[in-house]
Amino acid sequence: QVQLVESGGGLVQAGGSLRLSCAASGRTFNSYVMTWFRQAPGKEREFVAGINWSGGSTYHADSVKGRFTISRDNAKNTVYLQMNSLKPEDTAVYYCAARSGTLIATTRYDYGSWGQGTQVTVSS
């Protein structure tokens, strides 16, 4: 099992930037995927971006494509989400999630390991 801890959330004005971090610890799989999801009050938890850990391939949701970038640091077992040009609609709790395998699934039900979440608030 893998433990995930997010950090980097905060309050930022529209148009600003934040970088979220997700540190993984514990036993890892031979191949796995790490992702970012977000959930706003009253809404379903939605996929934001994912990365194949070993290969480095990424996939970003249309709502954030061109603004957010997921990346990894193998030495630190950490995945990042660089968020630029933030909009008020990006306001949500952002969660890190992981699963075994290589496919970047976009539904939360495919992920069994989750972090505690970090709040991102974008003011207008």
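Structure: see above.
All values derive from a computational prediction rather than experimental measurement.

Conventions used here
Residues numbered from 1 in each chain as written. Predicted model: local features only at pLDDT ≥ 70, side-chain atom pairs only at ≥ 80, totals over all residues. Heavy atoms only, no water. Buried < 20%, exposed > 50% of the residue type's maximum accessible area, 1.4 Å probe, protein only. Helix = DSSP H or I, 4+ residues; strand = E, 2+ residues; numbered from the N terminus. Pairing = 2+ DSSP bridges. Phe/Tyr/Trp six-rings, centres within 6.5 Å; stacked < 30°, edge-to-face > 60°. Lys NZ or Arg CZ within 6 Å of the ring centre and 35° of its normal.

Undergrad: Which parts of the structure should I look at to understand the pairing of strand S9 (residues 92-100)?
TA: Burial within S9 is extensive, with seven of its nine residues counted as buried. Relative to S9, strand S4 (residues 32-39) is paired through eight bridges, and the arrangement is antiparallel. By the bridge assignment, Met-34 is partnered in S9 with Ala-98. Bridge count between S9 and strand S11 (residues 118-123): three bridges; the pairing is antiparallel. Opposite Ala-92, over in S11, you have Val-120 as the bridge partner. Sheet topology note: the S9/strand S10 (residues 113-114) ladder contains two bridges and is antiparallel. Across the sheet, the residue bridging to Ala-98 is Ser-113, located in S10.

Undergrad: Would you take a moment to explain unusual backbone geometry for this structure?
TA: Glycine aside, residues mostly have negative phi, and peptide bonds are mostly found in the trans state. The phi angle at Asn-77 is positive, at roughly 50°, despite the residue not being glycine. Tracing the chain through its elements places Asn-77 in the loop between strand S7 (68-73) and strand S8 (78-83). The phi torsion at Ser-85 lies on the positive side, around 50°, for a residue other than glycine.

Undergrad: I keep staring at the packing of aromatic side chains and nothing clicks. Help me out?
TA: Within this structure, the stated rule accounts for seven aromatic pairs. Measuring from centroid to centroid gives 6.3 Å for Tyr-95 and Trp-114, while their planes differ by 80°, and the two rings are edge-to-face. Separated by 19 residues along the polypeptide, Tyr-95 in strand S9 and Trp-114 in strand S10 bring together distant segments of the chain. On the accessibility criterion, Trp-114 (25% relative accessible area) is partly exposed. Pairwise contacts between aromatic rings join Phe-37, Phe-47, Tyr-59, Tyr-95, Tyr-111 and Trp-114 into one cluster. Over the ring of Tyr-95 we find Arg-45; its NZ or CZ atom is 3.8 Å from the centre of that ring. For the cation-ring pair, Arg-99 lies above Tyr-111, with the distance from its terminal atom to the ring centre recorded as 5.9 Å.

Undergrad: Is there a simple way to explain the pairing of S11 in this structure?
TA: Residues of S11 alternate between two faces, with Thr-118, Val-120 and Val-122 buried on one and Gln-119, Thr-121 and Ser-123 left unburied on the opposite face. As defined by bridge partners, strand S2 (residues 10-13) adjoins S11 across four bridges and the pair is classed as parallel. Note on S11: the bridge partner recorded for Gly-10 is Val-120.

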